[in-house]
Structure formats: structure tokens, C-alpha cells
Amino acid sequence: MKRRLPCGGWWNALTDNGVTPDGRRAVTVAIASSLDPGQDPAAQAKASAALIDHALC
């Protein structure tokens with residue numbers, strides 16, 4: 001999601017979600033930072049996956 005701020009600039013949010021098969025536990029990781037040009041998003045994706053794994057496993 002990306003939306004313009006009323007004071008100028010932009011606001012971004014990305015979420016990764018997970019839930020256990022029985023539905024008893026769920027997790028949402030909100031990523032609200034921007035990467036600098038040329039930065040690989042793989043490290044951010046790995047960190048999010050690690051948080052989800054830790055919360056659900």
C-alpha cells in the first residue's frame with residue numbers, strides 16, 4: 001500500500017502474514033521502512049520470514 005501524506009511525501013506499508021494450520025496462532029509483520037536505491041530487499045524478506053517462523057513454530 002502506498003498513499004500520499006497530507007503534508008507531502010509518501011507512506012508505505014507492507015505486511016507478511018502467517019497462521020498455523022489449526023488457526024490457534026497467527027502473526028503479522030508490518031514493514032514500514034523504505035530501502036535505499038540499490039539495496040537488495042532479500043535481507044528484509046529473510047528477517048520477516050524468521051520472525052514469522054519464530055512466532056509460529
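Residues numbered from 1 in each chain as written. Predicted model: local features only at pLDDT ≥ 70, side-chain atom pairs only at ≥ 80, totals over all residues. Heavy atoms only, no water.

Student: In this structure, what is going on with the nonpolar core? I would like to understand it.
Tutor: The nonpolar side chains of soluble globular proteins are, as a tendency, buried together. In this structure, Val27, Val29, Ile31, Ile52 and Leu56 together form the largest nonpolar core, which totals five residues. Looking at this core, the elements with two or more residues in it are β4 (26-31) and α1 (42-56). (Core = buried A, V, L, I, M, F, W, Y, C linked by side-chain atoms within 4.5 Å. Buried < 20%, exposed > 50% of the residue type's maximum accessible area, 1.4 Å probe, protein only. Helix = DSSP H or I, 4+ residues; strand = E, 2+ residues; numbered from the N terminus.)

Student: What's the story with the pairing of β4 in this structure? I'm lost.
Tutor: A regular strand places its side chains so that they alternate between the two faces of the sheet. Only one face of β4 is covered, namely the one carrying Val27, Val29 and Ile31; the face carrying Ala26, Thr28 and Ala30 has none of its residues buried. Sheet topology places strand β3 (residues 14-19) next to β4; six bridges connect them, and they run antiparallel. Along β4, the bridge assignment pairs Val19 with Ala26. (Pairing = 2+ DSSP bridges.)

Student: What am I meant to see in the side chain of Ser48 here?
Tutor: Within the element layout of this structure, Ser48 appears in helix α1. Ignoring sequence-local partners within four residues, the contact set of Ser48 consists of Asp16, Val29 and Ile31. (Contact = heavy atoms within 4.5 Å.)

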